[in-house]
Amino acid sequence: MRIVIKVGTATLYQNEKLSNRIDNLVEFLVELNKTNEVILVSSGAVGAGYTKLKLDKTKIENKQALASIGQPLLMKEYKLRFEKYNQIVSQVLLTAADFDSRKRTENAKNMIEVLLQNKVIPIINENDAVSIDEIVFGDNDQLSAYTTYYFDADMLVILSDIEGLYDSNPKENPNAKLLKIVTKIDDELMNTPCNPNDKFATGGIVTKLKAAEFLINKNKQMFLASGFDLSDIKSFLIDKIHKKGTLFK
């Protein structure tokens, strides 16, 4: 099974510092890679850059500068952790334009195939340093959905700061119920306010729903689960038991 795992900034960083959750993530990906093909889509470059240089990220040129500083820092952190398990990883930087060109998409796909055939875990991020407004994904939820479809993965897993999709806002309604399986995304859901919890995050529940809708329409599956506690996704992918998390199909 070919699985794309997307991890957000809020999962990787806590109080503007890299969280030890990255260690748990790497351990899980190494285990998953033993019996599956794994592609990681990772946010966090801008957050990593900000740990070295405090710039106002609301300005596009500052955000691009932070991404250029942070991307090698983020990859260094991943590389050090994966090396403990003798796991080879690679860096792949993409823009929306790479999926607009049939030739560029095919070239990227061929490269990914070589990596996966050799049990390398590609680490994909948006190339924020060169992306411009007209060709930017804007959040890695969309990038991961495109990665899943165009690179022939079977499923996208989004690890976030929420346990899944609820029938109402669990922060406001203590009786909100987790939706374990969703087969259709209606307009009411899509109009949910987009409030990412981390100041470096660009997504929110809406961007995740858009990713899910894109994949459902392409006959692909998406699973939304907590990146803070990996027990639910481990249970689902490794033990084949659906405890928590939302499966979109």
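Fair warning: this is a prediction, and the values are worked out from it, not measured in the lab. Residue indices begin from 1 for each chain and proceed along its sequence in written order. The predicted origin of the model limits local features to residues at a pLDDT of at least 70 and limits the giving and counting of side-chain atom pairs to 80 or more, whereas totals for whole chains, interfaces and linings rest on all residues. Excluded from the side-chain calculation are hydrogens and water; included are all heavy atoms of the structure.

**Student:** For this particular structure, what's the right way to read the overall build of the protein chain?
**Tutor:** The way it works is that DSSP assigns letters per residue, a run of H or I at least four long becomes a helix, a run of E at least two long becomes a strand, and they are numbered from the N terminus. Tallying secondary structure elements over the protein chain gives nine helices and 12 strands in all. Using a 1.4 Å probe on the protein chains alone, a residue whose accessible area is under 20% of its type maximum counts as buried, one over 50% counts as exposed, and one in between counts as partly exposed. In the protein chain, which comprises 249 residues, the proportion classed as buried is 53%. In what follows, residue pairs with any heavy atoms lying within 4.5 Å of each other are defined as contacts. Sequence separation of at least 24 residues holds for 74% of the intrachain contacts in the protein chain that already meet a minimum separation of 6. When the accessible area of the protein chain is evaluated, it comes to approximately 12,200 Å², of which 47% is carbon and sulfur surface. Computed by Shrake-Rupley with a 1.4 Å probe, the accessible areas treat only the displayed protein chains as cover when residues are assessed.

**Student:** Just checking my understanding: could you explain the pattern of salt bridges for this structure?
**Tutor:** One side chain can pair with another of opposite charge once the charged atoms of both are near each other. The rule for a salt bridge is simple: a side-chain nitrogen of Lys or Arg has to be within 4 Å of a carboxyl oxygen of Asp or Glu. Applying the stated criterion across every chain yields a total of 11 salt bridges. Between Arg 104 and Asp 98 there is a salt bridge, with its nearest N and O atoms 2.7 Å apart. Arg 104 gets classed as partly exposed once you look at its relative accessible area, which sits at 40%. You can call Asp 98 buried: its relative accessible area is 15%. The partner of Lys 208 in a salt bridge is Asp 141, with the nearest N and O atoms 3.2 Å apart. With a gap of 67 residues between them, Lys 208 in helix H8 (residues 205-217) and Asp 141 in helix H6 (residues 140-150) connect regions that are remote in the sequence.

**Student:** Mind showing me how you'd approach the sheet that holds strand E4 (residues 37-42) here?
**Tutor:** Paired strands, in this sense, are two strands between which DSSP finds at least two bridges. Strand order in the open sheet formed by eight strands is E5-E6-E4-E1-E7-E11-E12-E10, with mixed pairing between adjacent strands. Edge positions in the sheet fall to strand E5 (89-94) and strand E10 (181-182), since each of these pairs with one other strand and no more. For helices, the fitted line uses only the C-alpha atoms of the stretch in contact; every axis is such a line through C-alpha atoms, and the angle between N-to-C directions lies from 0 to 180 degrees. Contacting strand E7 (155-160), E10, strand E11 (221-226) and strand E12 (246-248), H8 crosses the sheet at an angle of about 155° to E11.

**Student:** Even after reading the chapter, I still don't get unusual backbone geometry, so can you show me in this structure?
**Tutor:** Phi angles above zero are rare outside glycine, and Asn 86 is one such case at about 55°. Mapped onto the elements, Asn 86 comes out in the loop between helix H4 (60-83) and E5. Look at Lys 240: it is not a glycine, yet its phi comes out positive at around 60°. Relative to the helices and strands, Lys 240 is located in the loop between helix H9 (231-237) and E12.

So, to be careful, I would describe these as geometric facts and stop short of saying anything about function.
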